[in-house]
Amino acid sequence: MATTGHDQPTGDGAPLPGEGLDAARMPAHWLLARLGKRVLRPGGLELTRWLIDALAIGPEDRVVELAAGLGATAPLVLARGPAGYTAVDRDAAAVARLARLTAPGATRVRAVRADAAATGLPDGSATVVYGEAVLTMQPEPAKRRIVREARRLLDGSTGRYALHEMCLLPDGLDPALAGRIAADLHDVLHVGSRPLTPAGWTALLAAEGLTVTARTTVPMALLEPRRLVADEGLVHALGIAGRVLRDPAARERVKRMRRVYHRHREHLGAIGLVAVPTAPGG
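Residues numbered from 1 in each chain as written. Predicted model: local features only at pLDDT ≥ 70, side-chain atom pairs only at ≥ 80, totals over all residues. Heavy atoms only, no water.

Residue-level account of the pairing of strand E7 (residues 268–277), with values.
Along any regular strand the residues' side chains alternate between the sheet's two faces. The buried fraction of E7 is high, at 9 of 10 residues. As judged from the 8 bridges shared by strand E5 (residues 160–168) and E7, these two strands associate in the antiparallel manner. Pairing of Cys167 across the sheet is with Gly269, part of E7. Note that strand E6 (residues 210–219) and E7 share 9 bridges and pair antiparallel. Looking at the pairing, Leu210 lines up with Pro277 of E7. (Buried < 20%, exposed > 50% of the residue type's maximum accessible area, 1.4 Å probe, protein only. Helix = DSSP H or I, 4+ residues; strand = E, 2+ residues; numbered from the N terminus. Pairing = 2+ DSSP bridges.)

So what's going on with the environment of Thr217? Which residues, and what values?
Tracing the backbone shows Thr217 in strand E6. Overall, Thr217 belongs to the partly exposed group, its relative accessible area being 37%. Note: C-alpha distance between Thr217 and Ile271 (54 residues apart in sequence) is 4.4 Å. With near-sequence residues (within four places) excluded, Thr217 lies in contact with Cys167, Ala270 and Ile271. (Contact = heavy atoms within 4.5 Å.)

For the pattern of salt bridges, give the residues involved together with the corresponding values.
Considering all chains together, one arrives at 16 salt bridges under this definition. The partner of Asp61 in a salt bridge is Arg160, and the shortest N-O contact between them spans 2.9 Å. Here Arg160 lies in strand E5 and Asp61 lies in the loop between helix H2 (44–55) and strand E1 (62–66), a separation of 99 residues in the sequence. Exposure remark for Asp61: the relative accessible area of 7% places this residue in the buried category. Arg148 is paired through a salt bridge with Glu208; the nearest N and O atoms lie 3.0 Å apart. With Arg148 in helix H5 (residues 140–153) and Glu208 in the loop between helix H7 (198–207) and E6, this residue pair connects regions lying 60 residues apart in the sequence. Using a relative accessible area of 41% as the deciding quantity, one classes Arg148 as partly exposed. According to the relative accessible area criterion, Glu208 is buried, its value standing at 10%. Residues joined in a network through salt bridges with shared partners are Lys37, Arg38 and Glu232. (Salt bridge = Lys/Arg side-chain N within 4 Å of Asp/Glu carboxyl O.)

With reference to specific residues and values, describe H2.
Here H2 contains 12 residues, and its C-alpha end-to-end distance of 17 Å stays within 8% of the 16 Å for a straight helix at 1.5 Å per residue. Burial in H2 covers these residues: Gly44, Leu45, Leu47, Thr48, Leu51, Ile52 and Leu55. One side of H2 holds all its buried residues, which, seen down the axis, span an arc of 165°. Looking at the buried residues of H2, the elements they touch are helix H3 (74–78), strand E4 (128–132), E5, E6, helix H8 (225–232) and E7. Positive backbone phi, approximately 50°, marks Ala56, located one or two places after H2. (Expected span 1.5 Å × (residues − 1). Arc of directions from axis to C-beta.)

Lay out the packing of helix H6 (residues 175–189) against helix H10 (residues 248–263) in plain terms, naming residues and giving numbers.
Their axes nearest at 9 Å, the elements H6 and H10 cross at an angle of 170°. Overall, the two elements H6 and H10 adopt an arrangement that is roughly antiparallel. Where H6 crosses over H10, the handedness of that crossing is left-handed. Each of Asp184, Leu185, Asp187, Val188 and Leu189 in H6 lies in contact with H10, whose residues at this interface are Arg253, Arg256, Met257, Val260, Tyr261 and Arg263. When grouped by side-chain class, the residues that make up the contact of H6 with H10 number 6 nonpolar, no polar and 5 charged. (Axes fitted to C-alpha atoms, helices over the stretch in contact; angles between N-to-C directions. Parallel < 35°, antiparallel > 145°, perpendicular 65-115°, else oblique. Left-handed = near helix turned anticlockwise from the far one by under 90°. Nonpolar A, V, L, I, M, F, W, Y, C, P; charged D, E, K, R; others polar.)

How would you summarise H8 if you had to cite specific residues and measurements?
Where H8 is concerned, the buried positions are Arg227, Leu228, Asp231 and Glu232. Down the axis of H8, the smallest arc covering the buried residues is 105°, so these residues share one side. Residues of H8 that are exposed and point more than 90 degrees away from the buried face comprise Arg226 and Ala230. In this structure, the buried residues of H8 make contact with H2, E6 and helix H9 (234–246).

Tell me about the nonpolar core, and please be specific about residues and values.
Note on soluble globular proteins: their nonpolar side chains tend to be buried together. With 29 residues, the main nonpolar core has Leu185, Leu189, Met257, Tyr261 and Leu268 as its most contacted residues. Contributing elements (two or more residues each) for this core: helix H1 (28–34), E5, H6, H9 and H10. Sorting elements by how many residues they give to this core places H6 first, with 6 residues. Apart from residues no more than four positions distant in its own chain, Met257 is found in contact with Ala28, Leu31, Leu32, Val188, Leu189 and Leu223. Counting residues in hydrophobic clusters, the runner-up holds 27 residues, among them Leu121, Leu153, Leu163 and Cys167. (Core = buried A, V, L, I, M, F, W, Y, C linked by side-chain atoms within 4.5 Å.)

Written as structure tokens, this is what we have:
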């Protein structure tokens, strides 16, 4: 039996994205959220923390998070005390949850329902824009539109853009193998999954006027027990495991995801990149 609103794993009673969808068919990130997984990023909290540190967010910054989802990263950003934080997501349930975020200081917090490629926010209105697990699911033209939108939002003098995505390893991976990996991911995740190599991600940013200033990669270990405990804490991780065991459809989906991740573990990773607008003539 699928997890229902009567067993909200997040504990706040707010609706989750994908409410009412069959566990066997819903996108994998929604399924994991309904099982109680709060950290849905391919590199886990380790890579998210690296990303926030590398962005060096401070009290003068105006931050925009694209496709903010359940808002798991927001507390790390708000703890830095930026002048403003805007969460953007196109899912109504996600926006309703994001609208409940509060900051410990004077940060202006708001949630906007919009697509990551067309936020409706003013040009140059952000000093920091970031997105996690946003671009991997998009085909090439949509990837470029989202990066272009991030570039549009950035204040050119101080702007920084960061991403946290799945990546293929190594650079120069055989395109046929890359295609097979993408097909296997699509089959099990029920969303289009088109990760790039580190060089491919760098080239994507460069094509939209952004120069990478920091980069790191970590293993893709989203569903490994050690990563699960590190990201969620022992008690919460045990709760997730219990829900999986009680839900046959979810259990089968999670087993299939783990098999695919293991099959391609030598060629799957997670990447964090920070970039700035390319200087004229650069």
